[in-house]
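# Topology and contacts: notes
Listed here are the chains, written in short residue letters.
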Amino acid sequence: MFDWNDLRYFLELHRSGRLLTTAKRLNTTHATVARHIENIERDLGTQLFAQHTGGYQLTPAGQALLKHAEAMENTALLAQEEMSQAISPLGQIRIGVTEGLGTMFLAPRMGELMQRYPGLEVELVSVPRFVSITNREADIAITLERPSADLVISRRLTRYRLSLFASPAYLEKAPPLRDREDLCKHPWIGYVDDLLFSQELMFHHSFCRHPQVVFRSTSVVAQQQAAQAGIGIAILPQFMGLHDPLLVPVLPEEFIEREYWMCTRRELHRSVRLRLVWDFLMEVCGREQGVLVEGKSGVPA
């Protein structure tokens, strides 16, 4: 019979793909990680990982063990959740969210949540990439596309609008902007195409057939600041652009709509603290549809 403790190392190596990363996450050494993997492979009599240039990947035997290891981990997490809530209500919750929504919309509104539940500790991972809940990077993830992974519960959080923005100084010197045809005569600000974390971010061609993108960044906040500096036209969520005193709308009647999706691991959906945060996020986005969808000005509640 193998040591159940070895499964922690098995799961973490599967998720990170590298010994050093696994060791760092588990606060140990890569030699210790390798020893635990060797132990479980010896006890089971089969190889669980194959090493490739891209890192460690599961063998068919490893794939077969994975679903059982995850089920055991989920049971342990649920037991830990129930015990911790009985001893000390609430606790820590981590939200992974795209940079614009996390930094410019959610962060200013989290005070209301903290006031309601003083025992709650929130970590907001607001980054220009996809944050994985299946790899335990976050408890709740807010994404641009509906997740399709197994063992995940998802729900549409809200629609939101994106529009064109530029600085007044840029518009004073730029060619006239009367309609969509004029947009192709202007420099654009956008994302780095080969580093896009979602196809939902490919929206330049919704406004201009052949945009001349002169500045690119993986960060929407950097794009906003580039527009403030007068580099050109940026496509920004209205909850960012309309509340920026250094920017003005360009062709205000032109906009596109996208969606945010919220998801969590199925076993965590029973967590008390997760449900409180989940319900709050649904509430605040529902309450502020005017800011997110209708382009109205608004301040945090």
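Remember, predicted model here, so these are calculated numbers, not experimental data.

We now examine the environment of V284. By secondary structure assignment, the location of V284 is in helix α11 (residues 272-287). For V284, a relative accessible area of 0% corresponds to the buried category. Measuring from C-alpha to C-alpha, the distance between V284 and L157 comes to 9.9 Å, with 127 residues separating the pair along the chain. Once residues within four sequence positions are removed from consideration, V284 is found in contact with F105, L106 and R109.

Before going further, it helps to examine the nonpolar core. Grouped together as the largest cluster of nonpolar side chains are 57 residues, with contacts concentrated most on L101, I142, L157, L183, F239 and L281. When residues of this core are assigned to their parent elements, the largest contribution, 8 residues, is made by α11. When neighbours within four sequence positions are excluded, L157 is seen to be in contact with L101, I142, Y260, W261, M262, L281, M282 and C285. Counting 16 residues, the second-largest nonpolar core is a separate cluster that includes L7, I40, L58 and L66.

Between its first and last C-alpha, α11 extends 22 Å over 16 residues, near the 22 Å set by a 1.5 Å rise per residue. Within α11 the residues assigned to the buried category are R273, L274, V277, W278, F280, L281, M282, V284 and C285.

Going through the model one piece at a time under the given rule, you end up with 5 aromatic pairs. Taking the centre distance of 6.4 Å and the plane angle of 50° together, the rings of Y160 and F239 count as tilted. Of the two residues, Y160 sits in strand β6 (residues 152-166) while F239 sits in helix α10 (residues 238-241), which places them 79 residues apart along the sequence. Residue class for Y160 comes out buried when judged on its relative accessible area of 3%. Taking the centre distance of 4.2 Å and the plane angle of 15° together, the rings of Y160 and Y260 count as stacked. On the criterion of sequence distance, the pair formed by Y160 in strand β6 and Y260 in strand β10 (residues 248-265) is long-range, its members being 100 residues apart. Taken together, F105, Y160, F239 and Y260 form an aromatic cluster joined through their ring pairs.

Here the focus is unusual backbone geometry. Located in the positive-phi region is N27, a residue other than glycine, with phi close to 60°. With respect to the helices and strands, N27 occurs in the loop between α2 (19-25) and α3 (30-44). The exposure class assigned to N27 is exposed, which follows from its relative accessible area of 72%. The backbone of L251 sits at a positive phi, close to 50°, despite the residue not being glycine. On the secondary structure map, L251 appears in strand β10. According to the relative accessible area criterion, L251 is buried, its value standing at 8%.

Opposite charge on two side chains permits them to pair, given that their charged atoms come into close proximity. Applying the stated rule across the entire model yields 17 salt bridges. A salt bridge links E259 to R156; the nearest nitrogen and oxygen atoms lie 2.9 Å apart. A residue pair is termed long-range when its members are at least 10 positions apart, and E259 in strand β10 and R156 in strand β6 qualify at 103 residues. Looking at E259, the relative accessible area reads 29%, which means it is partly exposed. Residues joined by salt bridges that share partners form a network here, namely E112, R116, E283 and R287.

What follows covers the environment of P168. Checked against the element boundaries, P168 lands in helix α7 (residues 168-173). Along the sequence, P168 and G230 sit 62 residues apart, while their C-alpha atoms lie 8.0 Å from each other. Beyond its immediate stretch of four places on either side in the chain, P168 contacts L246 and V248.

This part takes up the confidence of the model for the protein. Across the protein, the average pLDDT comes to 87, with 90% of residues at or above 70. The least confident element of the protein is helix α4 (residues 60-87), whose mean pLDDT is 77; the most confident is helix α9 (residues 220-228), at 96.

Between its first and last C-alpha, α3 extends 21 Å over 15 residues, near the 21 Å set by a 1.5 Å rise per residue. Among all positions of α3, only T32, V33, H36, I37, I40 and E41 are buried. After α3 finishes, the residue G45 shows a positive phi value of roughly 70°.

This next bit is on the pairing of β6. Walk down a regular strand and you will see the side chains alternate between the two sheet faces. In terms of burial, β6 is largely enclosed, as 11 of its 15 residues are buried. Judged from the 14 bridges that link them, β6 and β10 form a sheet pairing that is antiparallel. Among the inter-strand pairings, R159 is bridged to a residue of β10, identified as E259. Pairing of β6 with strand β9 (residues 233-237), which is carried by 4 bridges, proceeds in the antiparallel orientation.

Quick notes on the rules
Residues numbered from 1 in each chain as written. Predicted model: local features only at pLDDT ≥ 70, side-chain atom pairs only at ≥ 80, totals over all residues. Heavy atoms only, no water. Helix = DSSP H or I, 4+ residues; strand = E, 2+ residues; numbered from the N terminus. Buried < 20%, exposed > 50% of the residue type's maximum accessible area, 1.4 Å probe, protein only. Contact = heavy atoms within 4.5 Å. Core = buried A, V, L, I, M, F, W, Y, C linked by side-chain atoms within 4.5 Å. Expected span 1.5 Å × (residues − 1). Phe/Tyr/Trp six-rings, centres within 6.5 Å; stacked < 30°, edge-to-face > 60°. Salt bridge = Lys/Arg side-chain N within 4 Å of Asp/Glu carboxyl O. pLDDT = per-residue confidence, 0-100. Pairing = 2+ DSSP bridges.

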